[in-house]
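A closer look at the structure
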Amino acid sequence: MLKRYAVPLGALGLGVAGIGYASVIERNWFRLRRFDVPVLAPGQRPVKILHISDTHLTPGRRRLINWVAALDSLEPDLVVNTGDSISHPDAIGPFLSLLGPLLDRPGVFVYGSNDMYSPVPKNPARYLWRTSRADYAKRRTVPDLPYEELGAALTAAGWLDLNNHTGSLKVGDVEVELGGINDSHIGKDRYDEIAGPVSRGALSIGVMHSPEPRNLDRFAADGYQLLLAGHTHGGQLCVPFYGALVTNCGIDRPRVKGLHRHAGAWLHVSAGLGTSPYAPVRFCCPPEASLLTLVPA
């Protein structure tokens, strides 16, 4: 009799252990990834960019807040936040604490869908056959999170709002031309409002939340050298030796995270630091921030 139940009980035990690992250990096992990106002119000093994304912050995530704030010790020249920063109406204060001293450094930001719309329970298996974009197109049209308050707090600290805007900064010894779009995942991207060739001689960076190929193509065609995005969570639940099952957008699976090329530009997609509070698990895809060191080509 006991042998009859040994296999299913063993499988159940492995499943419970896997969920426990994914929700307790790996979800809080923050990593810093480092990449060198050859985009500077010969003789220019390296520039350090800290890329953070998808914190999906809710009050009480003290481990995440402290870990990100401590990244100021890296002394980045520029901080880029590619959205989905909050997932709760009371998360503005905690998010500012998460940035901490990083707010005193040059920074830029765009919004993600979860900066505007609070997460809702849903079947995560649906991502296997469709993206979550339909959830907003059909049922959610009025934002219920204080994204405007979030943006006001960041701009008050001196950060540039790149939601369908352009701007420029002096970063270290380098003039940086920046262009960004609001979240294409919910149809708020307006690339036409920033379209046009970038200036010759300036370092050019395109910023977006979701790495949709149609926008990546336009950034690259306009001459942007480095493209930064998030949104994918790196797949969030990955299979060993295979990788991500889905990307939740138009980007292909091999480029779901990390540094890659796109039409002559460099593309970095962050796997992000958080998860939806209704799917608080990561498997074979630890939460991450990235330090991109720009060096002469």
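1. Points about the packing of aromatic side chains
One pass over the structure, following the stated rule, counts five aromatic pairs. Summarising the aromatic geometry, the rings of Y111 and Y147 are spaced 5.3 Å apart at their centres and angled 85° between planes, so their arrangement reads as edge-to-face. A residue pair is termed long-range when its members are at least 10 positions apart, and Y111 in the loop between β4 (107–109) and α4 (113–116) and Y147 in helix α6 (residues 147–156) qualify at 36 residues. Residue Y147 is classed as partly exposed on the basis of its relative accessible area, which comes to 22%.

2. Considering the confidence of the model for the chain
Per-residue confidence for the chain averages 90 on the pLDDT scale, and 87% of its residues sit at or above 70. In the predicted structure, residues 1–17 sits below a pLDDT of 50 and forms zero contacts with residues beyond four places in sequence or in another chain.

3. So, the sheet that holds strand β6 (residues 165–171)
Taken in spatial order, the six strands of this open sheet run β6-β7-β8-β9-β13-β12, and their pairing is mixed. Every interior strand has two partners, whereas the edge strands, β6 and β12 (258–262), have only one. Neighbour to neighbour, the strand axes of the sheet diverge by 25° on average, direction disregarded. Pairing between β12 and strand β13 (residues 265–269): five bridges, direction antiparallel. Paired with G258 across the two strands is V269, which belongs to β13. Along the sheet face, helix α7 (residues 213–221) touches β7 (174–180), β8 (203–207), β9 (226–229), β12 and β13 and points at about 65° away from the line of β12.

Rules of the game
- Residues numbered from 1 in each chain as written.
- Predicted model: local features only at pLDDT ≥ 70, side-chain atom pairs only at ≥ 80, totals over all residues.
- Heavy atoms only, no water.
- Phe/Tyr/Trp six-rings, centres within 6.5 Å; stacked < 30°, edge-to-face > 60°.
- Helix = DSSP H or I, 4+ residues; strand = E, 2+ residues; numbered from the N terminus.
- Buried < 20%, exposed > 50% of the residue type's maximum accessible area, 1.4 Å probe, protein only.
- pLDDT = per-residue confidence, 0-100.
- Contact = heavy atoms within 4.5 Å.
- Pairing = 2+ DSSP bridges.
- Axes fitted to C-alpha atoms, helices over the stretch in contact; angles between N-to-C directions.

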